[in-house]
Amino acid sequence: MASGEVFDTKTKSLSMPRVNLLTMFRLGLFQMGLSMMSILTLGVLNRVMIQEIAIPATLVSVVLALPLFVAPSRIWFGQISDAKPLWGYHRTAYVWVGAAIFAIAAFLAVQVMWQMNLAATNTGGWVWTTQTIGWTALLALVFAVYGLGISASSTAFAALLVDISEEDNRSKVVGVVWSMLMVGIIVGAIISATLLKQLTPETTVETLQAAINRLFTIVPAIVFVLAIAATLGVEKKYSQYSTRSTLVNREDSITLGNAWKILTASPQTGMFFTFLLVMTISLFMQDPILEPYAGQVFKMPLAESTKLNIFYGTGLLIAYGVTGFYIVPRLGKRRTARLGCMLVAFCSILLSISGFTANAAVLKLGLVLFGLATGFLTTAAISLMLDLTAAEAAGTFIGAWGLAQSLSRGVAVVIGGTVFDVGRKLLPSLELAYGLVFALEAVGMVLSIWFLNRVNVTEFQTSTKLAIASVLEGDLD
């Protein structure tokens, strides 16, 4: 690389505009869409399959967790988006293609679910037959493809956030963008509840099927449009990716093998990876059982249990808006994350106790508080995650962090459903069975603090920079 090229590139980098607040909110439309899809899969399908179709909770949990278990692909997608532009874009095109894949797969998954229901009906209830095994396997495959689409689009999107932000404004970018994720939870819950409001406990399967099909046609289409609207033109205007790529000759030097060397250069990578695993498992164990909890313990109809996400999302939205702008700048990322862990543990116990009151108002209050605590924790953790990301291999590191989060969320979903099934068999009441899941979440949150206390950002940055320099010098020899 000629010295003149380096000078011109640096000059170009300095002239790059800083991302403004309006663009942050626009980027948040993508997160809004992802959360709307999450409402469909973990807010609607879990309840329909567990309560209306009566598929075992453990099986439902495993199937719904499959999109998260394909998370190892995130490292590959991240490295590919670093190294190989698609249609002239390192990030944007991957976001769009991934969004198209998961939108189509979500609709197909519902169609397979109805075939599972038909097979179960023919045998008078859920039993393992050739038909039910075949349709379950197909549903698993569709959900795996759905997960690949999510992995491709969300990894590229998170890497784009690294490309367009700097350390001093990163917590604000995270606060705004992730606050829109919470808007998506609220909007998704409202849309779902509106389209399902005609359903009652006495609703026929035919009516239920028509309503769910309509929901899974309208929402995925909206989400795909949001993905395009969120990212259109952002990479070209704000990203410093081309600058960094030129400076380090990234397309030739950061191969998948070299990316692994960089990832493993600092012990802090493994420590933070473990923190993300434990924290995320503890945060999402209630995902597969919350709506059934509302239906079986609090006697809520389907539309009403779906609206619980509004209370959770409201708490998250408030926390995301406040934490990135006021709490993290004052307390720091690590202390805010530690506080978030303690608050989540407290709220998990509160949700556990709420079942014994059989009072929906107590459950709703608990979910608002749980959302506030989760927002504190995730804003700080995501900001810390972006600090623990080398710009020269942003996609690769984001892929690794995404892998930790997705695998652990998948494990959390399976643990939640399995612990509930075990508790239902061993404990004398549904309240205790559901409460066991929430209590286990609280224990995990306390454990995650131990790992968080051992994360050292400065050590990570020093080790990783040396590793990147070593890799590039070796390739240039």
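Looking now at helix 3 (residues 57-69). In a regular helix each residue adds 1.5 Å, so 13 residues correspond to 18 Å; helix 3 covers 18 Å between its end C-alpha atoms and thus fits that length. Inspection of helix 3 places A57, L59, V60, S61, V63, L64, A65, P67 and L68 among the buried residues, and these make up the whole buried set.

Attention now moves to the nonpolar core. Within soluble globular proteins, side chains that are nonpolar tend to cluster in buried spots. Judged by nonpolar contacts, the single largest core of 126 residues is most densely connected at I212, F275 and L363. Ranked by residues supplied to this core, first place goes to helix 2 (residues 21-52) with 15 residues. Once residues within four sequence positions are removed from consideration, I212 is found in contact with V44, V48, V110, W114 and L196.

We now examine the packing of aromatic side chains. Evaluation of the coordinates by the stated rule reveals 9 aromatic pairs. Ring centres of Y293 and F438 lie 5.3 Å apart, and the angle between their planes is 50°; this geometry places the pair in the tilted category. A residue pair is termed long-range when its members are at least 10 positions apart, and Y293 in helix 14 (residues 290-296) and F438 in helix 20 (residues 430-452) qualify at 145 residues. F438 carries the same exposure label as Y293, and that label is buried.

Contact pair helix 2 / helix 5 (residues 92-122): the axes reach a minimum separation of 12 Å and the direction vectors enclose 15°. Taken together, helix 2 and helix 5 sit at an angle that is classed as roughly parallel. Both helix 2 and helix 5 take part in a crossing whose hand is left-handed. Touching F30, L34, M37, L45, V48 and M49 of helix 2 are V95, F102, A106, V110 and M113, all from helix 5.

With that settled, the discussion passes to the side chain of S153. Within the secondary structure layout, S153 lies in helix 6 (residues 130-164). According to the relative accessible area criterion, S153 is buried, its value standing at 0%. Setting aside chain neighbours within four positions, we find S153 in contact with F30, Y94, V95, G98, A99 and F102.

Tallying each qualifying case throughout the model produces 2 salt bridges. For K364, the salt bridge identified is with E304, shortest N-O distance 3.4 Å. With K364 in helix 18 (residues 360-387) and E304 in helix 15 (residues 302-306), the pair connects residues that are 60 residues apart, well separated along the chain. The closest approach of N and O atoms between D421 and R424, which form a salt bridge, is 2.7 Å. Taken as a pair, D421 and R424 lie in helix 19 (residues 394-426) at a separation of 3 residues, close to a single helical turn. Of the residues examined, D421 reaches a relative accessible area of 11% and is grouped as buried.

A cluster of nonpolar residues, W87, Y89, V97, I101, L138, L141 and V145, forms a patch on the protein surface that exposes about 630 Å² of accessible area. Among the elements of the structure, helix 5 and helix 6 are those that each provide at least two residues to the nonpolar patch. For the nonpolar patch, the element with the highest residue contribution is helix 6, accounting for 3 residues. Within the fold, L141 resides in helix 6.

Here we come to the environment of L138. Mapping L138 onto the fold places it in helix 6. The class of L138 is partly exposed, set by a relative accessible area of 34%.

In this section: helix 4 (residues 73-83). With 10 of 11 residues buried, helix 4 is to be regarded as a mostly interior element. Those residues of helix 4 lying buried are S73, R74, I75, F77, G78, Q79, I80, S81, D82 and A83.

Here the focus is the confidence of the model for the protein. Within the protein, residue pLDDT values average 78, and 80% of them lie at 70 or more. Ranking the elements of the protein by mean pLDDT puts helix 1 (residues 3-15) last with 39 and helix 20 first with 91. pLDDT under 50 marks residues 1-14. Its contacts with residues more than four places away, or in other chains, come to 12 contacts.

Right, let's get into unusual backbone geometry. Of note in the backbone geometry, K299 takes a positive phi value of approximately 60° without being a glycine. Turning to its location among the elements, K299 is positioned in the loop between helix 14 and helix 15. By relative accessible area, K299 is classed as exposed at 65%. Within the chain, A358 stands out as a residue other than glycine whose phi angle is a positive 55°. Counting through the fold element by element, A358 comes out in the loop between helix 17 (333-357) and helix 18.

Another aspect to go through is the packing of helix 3 against helix 6. Two numbers describe how helix 3 lies on helix 6: the axes approach to 6 Å, and their chain directions differ by 30°. By the angle between their axes, helix 3 is roughly parallel relative to helix 6. Packed against helix 3, whose contacting residues are L59, V63, L64, L66 and P67, the element helix 6 presents T136, L139, A140, F143, Y146 and G147 at the interface. Of the residues in the contact of helix 3 with helix 6, the class split is 9 nonpolar, 2 polar and no charged.

Calculation notes
- Residues numbered from 1 in each chain as written.
- Predicted model: local features only at pLDDT ≥ 70, side-chain atom pairs only at ≥ 80, totals over all residues.
- Heavy atoms only, no water.
- Helix = DSSP H or I, 4+ residues; strand = E, 2+ residues; numbered from the N terminus.
- Expected span 1.5 Å × (residues − 1).
- Buried < 20%, exposed > 50% of the residue type's maximum accessible area, 1.4 Å probe, protein only.
- Core = buried A, V, L, I, M, F, W, Y, C linked by side-chain atoms within 4.5 Å.
- Contact = heavy atoms within 4.5 Å.
- Phe/Tyr/Trp six-rings, centres within 6.5 Å; stacked < 30°, edge-to-face > 60°.
- Axes fitted to C-alpha atoms, helices over the stretch in contact; angles between N-to-C directions.
- Parallel < 35°, antiparallel > 145°, perpendicular 65-115°, else oblique.
- Left-handed = near helix turned anticlockwise from the far one by under 90°.
- Salt bridge = Lys/Arg side-chain N within 4 Å of Asp/Glu carboxyl O.
- Patch = residues over 30% accessible without salt bridge, like charges linked within 9 Å, V, L, I, M, F, W, Y side chains within 5 Å.
- Areas by Shrake-Rupley, 256 points an atom, 1.4 Å probe, with all protein chains shown as cover.
- pLDDT = per-residue confidence, 0-100.
- Nonpolar A, V, L, I, M, F, W, Y, C, P; charged D, E, K, R; others polar.

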